[in-house]
Amino acid sequence: MEIRTDSTSLDIDRHEGNLIKELRSSSTKPVTEPSGWLSEDLKRNIFLTTVDNVLNWGRKSSLWTETAFTACCTFEFISLSSSRFDIARFGMEVLRSSPRHADLIITAGTLTWKMAPQIKRVYEQMAEPKWVIAMGACGITGGIFADSYSVVPGYNRILPIDVYIPGCPPRPEALLAGIELLRKKVEKRSFLQG
Amino acid sequence: MPELITVGAAISPNLPWSDWQFGFWIHLLIFGIGIISLLLGSVIIFIWLERRLVGRFQRRLGPNRAGPLGLLQSVADVIKILTKEDIVPSRADKLIFWIAPIVAFTPVVLMLAVVPVADGALLADLNIGILFVIAISSITALGVFMAGWASYNKYSILSAMRTVAQLVSYEMPLILSMVGVVIIAGSLSLNDIVKTQTVPFIVLQPAGFFIFFIASLAEINRTPFDLLEADSELVAGYNIEYSGMKFATFYLTEYCEAIVLSTLAATIFLGGWQGPWLPPIVWLLLKIGIVFCFIVWIRSTLPRLRIDQVMGFAWKFLLPLAILNIFVTSIFVALWPETPAWLMGLTNLAILVAYILFWSKLFKPGGKAVAV
Amino acid sequence: MLSEFSLIALFILIVMGFATTLVLIPQALKKIGIVPSKPSEVKYEPYECGLETIGETWVQFKIRYYFYALLLITLDITVIFLYPWAVELKNLGSSSLGVIFSFIGILAVGYIYAWRKGALEWK
Amino acid sequence: MTVAITGEEVVGALDKELKGAVKSVESEGILVQAEKILDIALCVKNNKNLKLDYLVSITGTDYIDYLEVSYLFYSLDNNKRFTLKVRLENKSNPAMPSLTGIWIGAELQEREIYDLLGITFSGHPNMKRIFLWEGFHGHPLRKDFSNGN
Amino acid sequence: MAIKTEPILLNLGPIHPSTHGVFRMRALVDGEVITDIEPVFGYLHRGIEKLAEQKSYRQFIPLTDRLDYVASMNNNLAYVTAVEKLAGIEVPERAEYIRVIMSEIQRIISHLLGIGSFFNDMGTFFTPFFYMFIQKEKLTDLLEMVSGQRLLFNYMRFGGVSHDLPDEFLPALNTFLKEMPAEIDKYERLLKENEIVLARSKKVGILSPDMAINSSASGPVLRASGIEWDIRKADPYSIYDRFDFDIPTGTVGDCYDRYRVRVEELRQSIRILEQAVAGIPKGKVLNPVPLRFRPPEGEVYSHIESNKGELGFHVISDGSDKPYRLHIRAPSLLNLTALRKMLTGWKIADAIIIFGSIDICVGEVDR
């Protein structure tokens, strides 16, 4: 199949346009956190606590972020991983660009409807267990661009969010506090949640 | 050099279990498990060391929250990756997708089988030690290519193609750089090479070490030759579709290759386990650490080369230098055997410097000039 | 001497066994439920910067990549003759120098021919 | 100081038959008919003492009863600037010739005006929406655009 | 007889480690060489120009910060000078000096980030980027002292600036200006004569002068091709005519020249800052303007030399308190006009470097 970017790109664009329209019409309510199945008979606490603690400690102290940065908050995340507010201390300076390796996606910036299918696809392609931090006012409610025709009012229309960090852009210390909140949430996670 | 006669058992006489009836199996057990556990232990330490060192090069602290001084950081990484979901893409070639990490990991560990930890203390004292190392080291290229091709992803295909070009074309300089050492040592077995190194071969053979180090930097895909996993161009290279433990195996292979490179450089050029006061194994680990820190130093300062520059560098610069090195060393050893060590080292260094200056005139930086 | 290689053969088996267990641990843990697994149709599609891949991926690739493999085979033969000569150079003395240098000379002719013809450039 | 070339000066520099195309002359620019814009632009660019060779920006505006597109040029050598305006009365599907033949810089800006205002530029190599996705109804910068998100 | 090979369509997509944000390029790749490439825009299009028509003049100032989010002081300056030109508002002397100081500090920050990410694309794994980031943090502290914000400042108003300089600002700026040239020499020692940098960026992605003019590039991209055009000299706005500085230009117009022009501009900005700090007078910093400010009916186009190039605001007002139409001339978008011709024929590794050397900010491209 001979691919010429110019001639065939119009129908590639049209195909992507339909994807955007479907997603826009289908995502009107916030996506809730997928509650893992918890069958009662597997609740043997003793076995759980030791394995849980070790697993969650491992997951908590090596969260690898996916480079899905969109706009201004990117530079606040970069200044977080730079020498002054060094996030490498928590083992988080590994920026994996493939979703298969990453287990945390920080949505740094405004999400537009044209970008929404891509973010949703990358989130679905991430390997379990995965978490999402909605960073900045644009991530929570669309922020200063909420009433624009092409901005998604908040990431929770597209992805289930674990931690919200307000601020436009939030200071690196606020981002660090958000990450601490996420690490506490990871600590209390029972592996049976799947 | 007394002929090492292996009486019945396959191992050199001075090991305590050499004449015991099950000596062969005990030897295999101790050294087999020893090599794997030593390698994994040092990988855990070296991952932590690299992240701390790169942090220090970038004027920031490395990981220091997980455990004292962050030592448990790599353990945390292992636990997390162990319990990560395993994804096998639907259109991937399933069988090759599964086998690729194993084919990539095994040869790296095998190369340590012939490396002596102390006098005569190695798994198999092959008298063709170096040839075995070279033959085994080219299999990783196969494993990486299988991974890239099987995962049905455009970026990993490009990375697989680059494997074929880069790893294969750096075999030649790697092989020829060790011929100089073999000429002086007069034997292929790594144990004998270490024993004949009254003066470490890096002094006698600076050009040989220069070629060996650069060629193996390319073999283990480290900056400035990290084209396979060039994260700014090909998103994550050949291991883009691997997640969980299979990705960890590739991550492990990368660090095992770095450690094996440092071990080979230490045994062949820096005098292996020889050292005045400390026990032999501590000397070997010390030398491995020094070479590894040098690799990390290069990784955090130099930018990456382009694919055609990498190829041109291997075939046009390293190969003629390697042949020249063999030419000069063989003349010295054949015609004038009892030359003092410093003279041989000096001439070798002089040839290296002259060669680099000669080439720096010819190689003008500036790719093909395409004006728009 | 032969038992040395049997040691190596057994060691190969040990290492391959270790590698396969390393890779298969998550499958076992998945049965117990420690390793989570939520299969979804999009998750198993190839990742390409958040977009569907367009067109075939396994296509006929440029020969330029494989060319260096051919070049390696032609030059690798020297190793078979160089290493034994290198080991025994001390007792062979200077007479073997002439032989080897003529051998390398013939090889160098082929190498320079490839160089001048531009086979080494990356077109 | 980037001094503006006066309208009269440019009209004087135009060839005879192009003078008819000039509708009105303002202090810093002239208003021209849409069809003649290509020849006027070519003449303005190649004229020796004008030499307006740098297209700075194209702005499209929706004045309820017509659409106006204004081109701003610089002459880098003699540090002059000049505006060229075009008005399109037919608002259902407005169209005018594209300047990408003369200035490549116009390509993306004309695609932006097509995307946000709906003016199609004939002769444009890649006339598609630049910012919004194919299948987006309406053109946002029109005054009658309903913000239905 | 070359075997017929099929090109693959590769997406250097919106989520890619080195596309400076959400920028996407559809590349037709044959082996390693790009035969055709098509940039796709719009992944960060927030419709700022439509929002401008629903906000009053004063409410729009914070939106200008989000245009080129690395140069928010210069965006404010461009918008504010446009409206002042339209309404004929006078700006006190001290405010003019403060504006020049803020604009030059922002230029240093933006160039540091631009050069840093250029070397990130080349593969230096963040080391030069973090060295430059340390200097950027010092400047961010200075701007935080003045405006209370770290990245998007919303600092300038019509008729001056919102707050006066705190007392410890000028001494802190002086200490920074004394140590910065030594830092720039440190980067030069690491990168200027580095053989791999030379091999990767010399004569790569050449933009010839007439192509640069024809594709209306501006800023360091235009000057690297050898055209000496800088708004601060050609059409001096605010009080730039009082400072003497020169405009660095390249010769060949390749990636290396663009990098050199940005480094030289760092030094020129330091020169301007030294003169501004020396000459800043006392006095008030704001001629207050009524909240529901209504400029007279009319149309104005005013431009400044922002970090990426000529940033222009075309404001059309119909006498009401909301702008009738506000068009932003984004230098990043117009620097990308020649991108397709510059990248075709090169390898992927070069394409990433050339794209990095143009140094765009997606917030400004998509508005």
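Owing to the predicted nature of the structure, the values given are computational and were not obtained by experimental measurement. For every chain, the first residue of the written sequence is number 1, and numbering continues from 1 along that sequence. Just so you know, chain letters begin at A and ligand numbers begin at 1, following the order they were written in. Local features in this predicted model are restricted to residues of pLDDT 70 or higher, and side-chain atom pairs are both shown and tallied only at a pLDDT of 80 or more, whereas totals for entire chains, interfaces and linings draw on every residue. The side-chain values count all of the structure's non-hydrogen atoms but skip hydrogen atoms and water molecules.

Engineer: Teacher, can you tell me more about the overall build of chain B here?
Structural biologist: Secondary structure elements are taken from DSSP: a helix is a run of H or I of four residues or more, a strand is a run of E of two residues or more, and numbering for both begins at the N terminus. Within chain B one finds 14 helices and zero strands. N-terminal to C-terminal, the α/β element order of chain B is α-α-α-α-α-α-α-α-α-α-α-α-α-α. Each radius of gyration is computed over the set of C-alpha atoms, and the globule rule expresses the reference value as 2.2 Å times the number of residues to the power 0.38. Relative to the 2.2 N^0.38 estimate, which gives 21 Å for 372 residues, the radius of gyration of chain B is 22 Å and therefore close to what a compact globule would have. By principal-axis analysis of the C-alpha atoms, chain B measures approximately 60 × 60 × 40 Å. Scored against the burial criterion, the 372 residues of chain B give a buried share of 67%. Residues count as neighbours in contact if any of their non-hydrogen atoms are within 4.5 Å of one another. Sequence-distant contacts in chain B: of pairs separated by 6 or more residues, those separated by 24 or more amount to 75%. Counted as positive: Lys and Arg. Counted as negative: Asp and Glu, with His and the chain ends omitted from the count. The location of each charge is read from NZ of Lys, CZ of Arg, CG of Asp or CD of Glu. Averaging the coordinates of the 23 positive side-chain charges in chain B and doing the same for the 21 negative ones gives two points 13 Å apart. Each residue is placed in one exposure class: buried if its accessible area under a 1.4 Å probe, protein chains only, is under 20% of its type's maximum, exposed if it is over 50%, and partly exposed if it falls in between.

Engineer: Please explain the sheet that holds strand β2 (residues 24–30) of chain E as it appears in this structure.
Structural biologist: Two pairing modes exist for strands in a sheet, parallel and antiparallel, and in both the strands are linked by backbone hydrogen bonds. Residues and elements named next belong to chain E. Strand order in the open sheet formed by three strands is β1-β2-β3, and the pairing between neighbours is antiparallel. Strand pairing shows two members of the sheet lacking a second neighbour, β1 (8–12) and β3 (33–40), which therefore form its edges. Averaged over neighbouring strand pairs, the angle between their axes works out to 25 degrees when direction is ignored. Note on pairing: DSSP must find at least two bridges between two strands before they are called paired. Both β2 and β3 contribute to a ladder of seven bridges, which runs antiparallel. Each residue of the ladder has a partner; that of Arg 24, found in β3, is Val 40. An axis is simply a line fitted to the C-alpha atoms; with a helix, the fit covers only the stretch in contact. Between two such axes, the angle follows the N-to-C directions and lies from 0 to 180 degrees.

Engineer: I keep staring at the sheet that holds strand β6 (residues 298–305) of chain E and nothing clicks. Help me out?
Structural biologist: Residue and element names in this part refer to chain E. Spatially, β6-β7-β8 is the arrangement adopted by the three strands of the open sheet, whose pairing is antiparallel. If you trace the sheet from one side to the other, it starts and ends with β6 and β8 (325–329), each paired once. With strand direction ignored, the average angle separating the axes of adjacent strands in the sheet is 10 degrees. Of the pairings in the sheet, the one linking β6 to strand β7 (residues 310–317) comprises eight bridges and is antiparallel in character. Its bridge partner being in β7, His 303 is matched across the sheet by Gly 312. Contacts from helix α3 (residues 72–87) reach β6, β7 and β8, with the element oriented near 145 degrees to β6.

Engineer: Sorry if this is basic, but what is going on with the packing of aromatic side chains here?
Structural biologist: Note on aromatic pairs: the rings of Phe, Tyr and Trp (six-membered ring only in Trp) are paired at centre separations within 6.5 Å, and the planes decide the class, stacked below 30 degrees, edge-to-face beyond 60, tilted for the rest. For the structure shown, the criterion picks out 63 aromatic pairs over all chains. Taking the centre distance of 5.6 Å and the plane angle of 50 degrees together, the rings of Tyr74(D) and Trp229(E) count as tilted. With Tyr74(D) in strand β5 (residues 66–75) and Trp229(E) in the loop between α9 (220–224) and α10 (231–234), this residue pair bridges two chains. Among the aromatic residues, those joined into a ring-pair cluster are Tyr170(B), Phe225(B), Phe313(B), Phe317(B), Tyr355(B), Phe358(B), Trp359(B), Tyr111(C) and Trp115(C). Its end group placed over the ring of Trp64(A), Lys80(B) keeps NZ or CZ at 3.6 Å from the ring centre. Only Lys NZ and Arg CZ are tested; either one counts as a charge over a ring when it is within 6 Å of the ring centre and within 35 degrees of the ring normal.

Engineer: Just to check I follow, could you spell out the interface of chain E and chain B for this structure?
Structural biologist: The figure often quoted for interface size is the accessible area lost as the parts come together. The partner chain B presents 34 residues to the 46 residues of chain E that form the contact. The junction of chain E with chain B conceals about 3,600 Å² of combined surface from both sides, 60% of it contributed by carbon and sulfur atoms. A salt bridge links Arg306(B) to Asp350(E); the shortest N-O distance between them is 2.8 Å. For this analysis, a polar contact is any N or O atom pair within 3.5 Å, provided that within protein one partner can donate a hydrogen and the other can accept it, and provided that sequence-adjacent residues contribute only side-chain to side-chain pairs. Taken together, the connections running from chain E to chain B amount to twelve residue pairs in polar contact (both at pLDDT 80 or more). Looking at the side of chain E that touches chain B, the elements with two or more residues in it are β1, α4 (93–122), α5 (127–147), α6 (169–191), α7 (195–201), α13 (339–343) and α14 (348–358) of chain E. Taken together, the residues that form the side of chain E that touches chain B break down as 24 nonpolar, twelve polar and ten charged. Two parts placed together each lose some accessible area under a 1.4 Å probe, and adding up what both lose gives the buried area. Take a side-chain nitrogen of Lys or Arg and a carboxyl oxygen of Asp or Glu: if they are within 4 Å of each other, that pair is a salt bridge. Three categories are distinguished: nonpolar for Ala, Val, Leu, Ile, Met, Phe, Trp, Tyr, Cys and Pro, charged for Asp, Glu, Lys and Arg, and polar for the others, with Gly belonging to the last.

Engineer: Would you explain the arrangement of the chains in this entry?
Structural biologist: Taken together, the eight pairs of chains in contact show their highest number of contacts between chains B and C. These two, chain B and chain D, are apart from each other, with no contact and a minimum C-alpha gap of 13 Å. For the non-touching pair chain C and chain D, the nearest C-alpha separation works out to 15 Å.

Engineer: What's the story with the confidence of the model for chain C in this structure? I'm lost.
Structural biologist: It should be kept in mind that the predicted coordinates are not to be read in detail where pLDDT is low. Residues and elements named next belong to chain C. Of all residues in chain C, 98% have pLDDT values of 70 or greater, and the mean over the chain is 85. When mean pLDDT is taken per element in chain C, helix α1 (residues 2–32) scores highest with 89 and helix α2 (residues 64–92) scores lowest with 84. Across the predicted assembly, pTM comes out at 0.92 and ipTM at 0.90. Confidence of the predictor in every single residue is expressed as pLDDT, which spans 0 to 100.

Engineer: Can you help me understand the pairing of strand β3 (residues 29–32) of chain D in this one?
Structural biologist: The two faces of a sheet get side chains in turn, since along a regular strand they alternate between them. Residue and element names in this part refer to chain D. Side chains of β3 alternate between two faces, with Gly 29 and Leu 31 and Ile 30 and Val 32 buried alike. By the bridge criterion, three bridges tie strand β2 (residues 22–25) to β3 in an arrangement that is antiparallel. Among the inter-strand pairings, Val 25 is bridged to a residue of β3, identified as Ile 30. Hairpin connection, β2 to β3: the antiparallel pair is bridged by three residues. Alignment of β3 against strand β6 (residues 80–88), held across four bridges, turns out to be parallel.

Engineer: So what exactly am I meant to see when it comes to the packing of helix α3 (residues 94–110) of chain B against helix α11 (residues 245–269) of chain B here?
Structural biologist: A pair of packed helices can be characterised by two numbers: the angle between their axes and the separation between those axes. Residue and element names in this part refer to chain B. Running from amino to carboxyl end, α3 crosses α11 at an angle of 20 degrees, the nearest separation of the two axes being 9 Å. Taken together, the axes of α3 and α11 lie roughly parallel to each other. Between α3 and α11 lies a crossing of left-handed hand. Of the residues in α11, those in contact with Phe 97, Trp 98, Ala 100, Pro 101, Ala 104, Phe 105 and Val 108 of α3 are Lys 246, Thr 249, Phe 250, Leu 252, Thr 253, Cys 256, Glu 257 and Val 260. Class assignment of the residues belonging to the contact of α3 with α11 gives a composition of eleven nonpolar, two polar and two charged. Note that the term roughly parallel is reserved for angles under 35 degrees, roughly antiparallel for angles over 145, roughly perpendicular for angles of 65 to 115, and oblique for everything else. Two helices that cross are described as forming a left-handed crossing if the nearer one is turned anticlockwise from the farther one by less than a right angle, and a right-handed crossing if clockwise.

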